Structures are given as C-alpha cells and as structure tokens.
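# Summary of the model geometry
Residue-level listing of the chains:
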Amino acid sequence: MSEEVVDPSHPRYQSLMMRKRISEAGVKGMLADSALIAHGRGEAFDYLLGEQTIPSALEATREVAARLVAAKKPVLSLNGNAIALAAREFLTIASQLGCPIEINIFYRTPQRMGALLAHLKLLNSDLGLDVEILGGIPDAKIPGLEGPRAACQKDGILEADAILVPLEDGDRCEALVAMGKDVLVIDLNPLSRSARRGTVAVVDEVSRVATNLIQLIPEKPEITNWDNDKALQSALDHIVGDMSDKFES
Ligand code: ATP
C-alpha cells in the first residue's frame, strides 16, 4: 500500500490519503492490527456525514479550543491512529498551548511505544518545535482502570485539568471524566460511549478537527455552557437528514 499513488482527482482522495497514512504507520510498527478496524468504523461514519465538518462539529471544535486555552494544565492524549493521521497538526497545537503530548495506547508494547515516540520526536525536530512528549515511562495510574490501559504519567494525564482525547476508548474516557477533568473527545461516531460521556465531543474526522483547532486556538474563544447531548443530536440529525445535505453532487 505504501507504494501506491493516490490520484488527487479521485472523489475519495482525502479518505484514501488517510487510509494510506494508517497503512504506512502499520508498516512502521506504530499500530495494533485492530487499528484498521477502528479506522474503518470511523470511515463509515465520515461517509454518512458527507466527509465534511458539519456546523455543530465546528461549534464543538471552538468549545474545545476555548477549554484548552483556559485550562491550567492541558494535555493532548494521543493514540496510534491519531498520531498516524495528524501528528504534525497535534504537535503544532501542543506548541500553541505550551502543553505536553502524552502517547496513550490501548495495546501497549515496548515496540509500538518506541515507534510512536520516535515518529513524534522526529517530526518535532523537523518542525523546529520543542513539544514535551510523555508516555514512554508511565509513573501513575488512571483510577478505576486495570492493566496497561491504566498507565499514564503524573506530569501529563494524571494532573491535567483538560485533556484532548481523539479516538479514545469508552472505558478510559469514563474513567477520566470520573477524575473530574474536562474530557474533550474527537470521535466520528456520535453514539460511541466516548462521545456520549465526554464533556465536549467533536463529531468529525481527527485531522480536520486538528486543522480547525490550529485556526481557532489563537482566537482564544470564550467557554460556553456547552450542551453535549444537543450537539450529538445535531450530528445524528445530519446523518439521517436530507441526502442533499451530504454531497454536493
Ligand atoms: P466506545 O468504546 O467509545 O463506545 P468504540 O468501541 O466504537 O467506542 P474504538 O473501536 O475503541 O471505539 O475506537 C474507534 C472509534 O474512533 C470509533 O468510534 C470511530 O468512529 C472513531 N474513529 C475512527 N477513526 C476516526 C477518525 N479518523 N476521526 C475521528 N474518529 C475516528
């Protein structure tokens, strides 16, 4: 797949490029096998959303930007897919906020963690940034979770007051909410437990959200009295709504 050239005139060009990034990250040892399945689930929802940022998702992204900017100790918690799809953008966001990135993967192995750390560190220096990358040496646990999924770093996830969790597993999302944090979810599935349990959920594709956040963070938007259920309902309404809302042709 890494040898394949994606034709920019293809109507699914962006989607195919994302698939290529996931596939290449898999070859580099950055992903568990189940990563492709998780990506496929996201693709299906993105197709139903018309592969676009819908208005309620842009509002949610603005709310996420507001809460990250206002937080005393924000952190970006990234899994393998988020790193494969939008590592450059998340490094830029972390640099804008002056906060760390913590790699937090569901199936933790030293090889995968090493590949992800190496990838982020290389991009960090390519971009001329100095973002702190955590996750390699966990020294704390997320209360209420068992096994390697609970592992985190004290300076990162454990002590953060606002945490951006793209593509987070539902259990971990619930555990972070129970810790009293602002949990800012990115998930294309408006019915996932993460989307429903998070403080703010952006129902949009992770690389589009990251690009929008880079634009919105410098605007320093105000925090609102966010109604997450209303935003999720709006995404569901969009999915089941008029076909003409979804595709231009
Ligand atoms: P939950 O435990 O929260 O109910 P789940 O078991 O469906 O969710 P996983 O399979 O752990 O979740 O993670 C995949 C989630 O990530 C899916 O909800 C999927 O829609 C979402 N997802 C996959 N790719 C992307 C992407 N590129 N952008 C945004 N969301 C994505």
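Data block above holds the structure.
Each value, and the rule that gives it
- Residues numbered from 1 in each chain as written.
- Predicted model: local features only at pLDDT ≥ 70, side-chain atom pairs only at ≥ 80, totals over all residues.
- Heavy atoms only, no water.
- Helix = DSSP H or I, 4+ residues; strand = E, 2+ residues; numbered from the N terminus.
- Buried < 20%, exposed > 50% of the residue type's maximum accessible area, 1.4 Å probe, protein only.
- Axes fitted to C-alpha atoms, helices over the stretch in contact; angles between N-to-C directions.
- Parallel < 35°, antiparallel > 145°, perpendicular 65-115°, else oblique.
- Left-handed = near helix turned anticlockwise from the far one by under 90°.
- Contact = heavy atoms within 4.5 Å.
- Nonpolar A, V, L, I, M, F, W, Y, C, P; charged D, E, K, R; others polar.

Moving on, we get to unusual backbone geometry. In this structure, Glu51 is a non-glycine residue whose phi angle is positive, near 50°. Considering the arrangement of structural elements, one finds Glu51 in the loop between helix H2 (34-49) and helix H3 (55-70). Of the residues examined, Glu51 reaches a relative accessible area of 25% and is grouped as partly exposed. In the Ramachandran plot, Lys220 falls in the positive-phi region, its phi being about 45° despite a non-glycine side chain. The residue Lys220 is located in the loop between helix H9 (206-216) and helix H10 (228-240) in this model. Judged by relative accessible area, which is 57%, Lys220 ranks as exposed.

All right, on to the packing of helix H4 (residues 80-97) against H9 then. The interhelical angle for the contact between H4 and H9, taken along N-to-C directions, is 25°, at an axis separation of 9 Å. When the interaxial angle is binned, H4 and H9 end up roughly parallel. The chirality of how H4 crosses H9 is left-handed. Each of Leu85, Ala86, Glu89, Phe90, Thr92, Ile93 and Gln96 in H4 lies in contact with H9, whose residues at this interface are Val206, Ser207, Ala210, Thr211, Leu213 and Ile214. Within the contact of H4 with H9, the residues separate by chemical class into 8 nonpolar, 4 polar and 1 charged.

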